[in-house]
Amino acid sequence: MLYRRIRDLREDRDLTQAQMGIVLSCSQRVYSNYERGELDIPTEILIKLAAFHGVSIDYILEQTDTRERA
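This one's a predicted model, so the numbers in the text were calculated from it and none came from an experiment. Each chain carries its own residue numbering, running from 1 in the direction its sequence is written. Only residues with pLDDT of 70 or above have their local features reported here, since the model is predicted, and side-chain atom pairs are shown and tallied only from 80 upward, although totals for entire chains, interfaces and linings are computed over all residues. Excluded from the side-chain calculation are hydrogens and water; included are all heavy atoms of the structure.

1. Observations regarding the nonpolar core
Point 1. Counting 16 residues, the largest nonpolar core has I6, Y31, I41, L49 and I60 as the members making the most contacts within it.
Point 2. Broken down by element, this core gets its largest block of residues, four residues, from helix α4 (residues 43-53).
Point 3. Two residues form a contact once any of their heavy atoms are found within 4.5 Å. Apart from residues lying up to four places away in sequence, I60 is in contact with R5, I6, L9, L46, L49, A50 and V55. Among the buried residues, those of types Ala, Val, Leu, Ile, Met, Phe, Trp, Tyr and Cys that are joined through side-chain atoms within 4.5 Å form a nonpolar core. When a residue's accessible area, from a 1.4 Å probe over protein chains only, is under 20% of the maximum for its type it is buried; when over 50% it is exposed; and in between it is partly exposed. A helix here means a DSSP run of H or I that spans at least four residues, while a strand means a run of E at least two residues long, and both kinds are numbered starting from the N terminus.

This is how it looks when you write it as structure tokens:
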């Protein structure tokens, strides 16, 4: 699964993959693999991503187009 929305959210904030790696306590390489869908995003990381960007996990996973968290 390609995680386009985490790339879009990152780019909207003008952040690099390396900066997101710092936020998530992972390497730039691992974060890049998340964006490309080469690694499934662990639940703990999904929670951190949703909180950091202020969106729902469903939005990140493209299950809804509504960004707001419930």
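2. Considering the environment of I57
Point 1. When you line up the elements, I57 lands in helix α5 (residues 57-60).
Point 2. According to the relative accessible area criterion, I57 is partly exposed, its value standing at 30%.
Point 3. Each C-alpha atom, one on I57 and one on T43, is 9.4 Å from the other, the two residues being 14 residues apart in sequence.
Point 4. Discounting residues that sit within four places of it in the chain, I57 has contacts with L46, I47 and A50.

3. Concerning unusual backbone geometry
Point 1. In this model, S25 sits at a positive phi of 60°, which is unusual for a non-glycine residue.
Point 2. Tracing the backbone shows S25 in the loop between α2 (17-24) and α3 (28-36).
Point 3. Assessed through its relative accessible area of 64%, S25 is described here as exposed.
Point 4. Although it is not a glycine, E62 sits at a positive phi angle of roughly 60°.
Point 5. By secondary structure assignment, the location of E62 is in the segment after α5.
Point 6. For E62, a relative accessible area of 30% translates into the label partly exposed.

4. Considering the packing of α2 against α3
Point 1. Here, axes are lines fitted to C-alpha atoms. For helices the fit covers the stretch in contact, and angles between N-to-C directions go from 0 to 180 degrees. Following both chains from N to C, one finds α2 and α3 inclined at 100°, their axes separated by 8 Å at the closest point. In terms of orientation, α2 and α3 fall into the roughly perpendicular class. On the side of α2, the interface is formed by Q17, A18, M20 and L24, while α3 contributes Q28, Y31, S32 and E35.
Point 2. Note that Gly is not counted as nonpolar here; it falls among the polar residues with everything else outside the nonpolar set of Ala, Val, Leu, Ile, Met, Phe, Trp, Tyr, Cys and Pro and the charged set of Asp, Glu, Lys and Arg. When its residues are assigned to classes, the contact of α2 with α3 shows four nonpolar, three polar and one charged. By the definition adopted for this analysis, an angle is roughly parallel if under 35 degrees, roughly antiparallel if over 145, roughly perpendicular if from 65 to 115, and oblique otherwise.

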